[in-house]
Amino acid sequence: MDHAYVSLKLCVFSIARQSIKLFYSDNPVKIVRGRGQYLYDEKDVRYLDCISNVHHVGHCHPDVTRAATAQMELLNTNSRFLHDNIISYANRLSATLPDKLSVFYFVNSGSEANDLALRLAQQYTQHEDVIVLDHAYHGHLKSLIDISPYKFRKLSGQKEWVHVAPLPDIYRGLYREDHPNPGEAYADTVRDVIEDVHSKGRKISAFFCESLPSVGGQIILPQGYLTKVSEYVRSAGGVLVVDEVQTGFGRVGSHFWAFQMQGEACCPDIVTMGKPMGNGHPLACVVTTEQVAGAFAGTGVEYFNTFGGNPVSCAIGLAVLNVLEQEDMRGNATRVGAHLKDLLNKLQTKHQIVGDVRGVGLFLGLELVVDRELRTPATEVAAAVVKRLREERIFVSTDGPFESVIKFKPPMCFSIADADLVAQKIDHVLTDEYCDQTE
């Protein structure tokens, strides 16, 4: 092979890597295999994985890999042919959702799902404008960067048709934990945004919201927030779009979908889902009502996705649902998540640098602060804790507006023993390096 050609290819690869962020970029880890909640490097060193929410039922779950292999050996083709798998899978998903959410569009990623949801909302309402939460992230397509403050503030800025409502963060937001009704107070900020939009002669198509904002810092929406917001949005002619790409499929434990934590009165018009659906296989979905889907079909322009809903993807999706049920992974998320949260709360009592512990099920956040009274984010310390835990063979990462929140979204097979180990190691790191003060 021509050495100049090889050199050129390596140069192009190096330039491309500058746009790609690796975990532990100063000392990257080469992972060669995984099983359950563990990952292994090329030297067969085992790491506890606290961040791979994509591998929902565990890395390389044997039931999932068997289902994929069996269907791949039999047939894989596009969804313009009839096949039972897509119908069986849609029926299984339908049983977990409110009755009115009955039309399914299968796609390949959360970004594709959110892009389609945006199209559905704008077609149905015949309006363009969208309200999103501050610090939100909904995907990497251009349409989604436009509605993701986490991204567009670093790029070309906010589009005229995009409007940002305050993040309902009761730890460091406008209304905090001592407010008598933060859910209603934050919902009223959305009402104010709608009024401002109307004053400019514009109309709302949708309120786009993660059920539990993740990039925003593992935020738990205050009770009643989404229900009240949906009232305001629908009265303005818009629809409620809920992004479950990070939090769906039982991660919260108590419910299958995180939006259900807001109560039975909360029913979105559109739900998007992705990451955990295929346990690492590219599988995602948009679910909506007959009315919204009808308006979309009424354009006369067909929607077709070559790979979305193919027999292999749906076989994998069905296997994931089976494992969730057979291994009681929602119950495990409830039990282990509560145990880990209790351990993290004990660390908050012991270490001044722990400002807040929040979350539910296996969706948890530990916020580090330099000053508890001022709630000054300890960004550098959080990054250093992540690095130290890597040395202890534990993978975690940070999120939040200031990258000061250590987040936990492990595979759903995470155990009590895993939780004990994580808390013990964090305690040692904070004691040894950063925080000698105790309350």
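The name given to the protein chain in an unreviewed UniProt entry is 5-phosphohydroxy-L-lysine phospho-lyase, with Gadus morhua as the source organism. In the Sequence similarities (unreviewed entry) part of its UniProt record, the protein chain is described as follows: "Belongs to the class-III pyridoxal-phosphate-dependent aminotransferase family." Heading Cofactor (unreviewed entry) of the UniProt record for the protein chain holds this comment: "pyridoxal 5'-phosphate".

Okay, the packing of aromatic side chains next. Scanning the entire structure with this criterion turns up 14 aromatic pairs. Taken together, a centroid distance of 6.4 Å and an interplanar angle of 15° make the contact between Phe-104 and Phe-106 stacked. Here Phe-104 matches Phe-106 in class, with each residue buried. For the ring pair Tyr-175 and Tyr-186, a centre distance of 5.2 Å and an interplane angle of 80° mean the geometry is edge-to-face. With Tyr-175 in the loop between strand 6 (162-165) and helix 7 (182-199) and Tyr-186 in helix 7, the pair connects residues that are 11 residues apart, well separated along the chain.

Taken in spatial order, the 4 strands of this open sheet run 1-2-3-14, and their pairing is mixed. The open sheet is flanked by strand 1 (31-35) and strand 14 (394-395), the only strands paired with a single partner. The pairing of strand 1 with strand 2 (residues 38-41) spans 4 bridges and is antiparallel. Each bridged residue has a counterpart across the sheet, and for Gly-34 the counterpart in strand 2 is Leu-39.

A few words on the packing of helix 7 against helix 8 (residues 225-235). Packing of helix 7 against helix 8 leaves a shortest axis separation of 8 Å and a crossing angle of 20°. By the angle between their directions, the pair helix 7 and helix 8 is classed as roughly parallel. Considering the relative orientation of helix 7 and helix 8, their crossing is right-handed. In contact with Gly-183, Tyr-186, Ala-187, Asp-188, Val-190, Arg-191 and Ile-194 of helix 7, helix 8 contributes Tyr-225, Lys-228, Val-229, Tyr-232 and Val-233. In terms of residue class, the contact of helix 7 with helix 8 is made up of 8 nonpolar, 1 polar and 3 charged.

Reading the values: the criteria
- Residues numbered from 1 in each chain as written.
- Predicted model: local features only at pLDDT ≥ 70, side-chain atom pairs only at ≥ 80, totals over all residues.
- Heavy atoms only, no water.
- UniProt positions renumbered as here; feature names shortened; annotations may be inferred.
- Phe/Tyr/Trp six-rings, centres within 6.5 Å; stacked < 30°, edge-to-face > 60°.
- Buried < 20%, exposed > 50% of the residue type's maximum accessible area, 1.4 Å probe, protein only.
- Helix = DSSP H or I, 4+ residues; strand = E, 2+ residues; numbered from the N terminus.
- Pairing = 2+ DSSP bridges.
- Axes fitted to C-alpha atoms, helices over the stretch in contact; angles between N-to-C directions.
- Parallel < 35°, antiparallel > 145°, perpendicular 65-115°, else oblique.
- Left-handed = near helix turned anticlockwise from the far one by under 90°.
- Contact = heavy atoms within 4.5 Å.
- Nonpolar A, V, L, I, M, F, W, Y, C, P; charged D, E, K, R; others polar.

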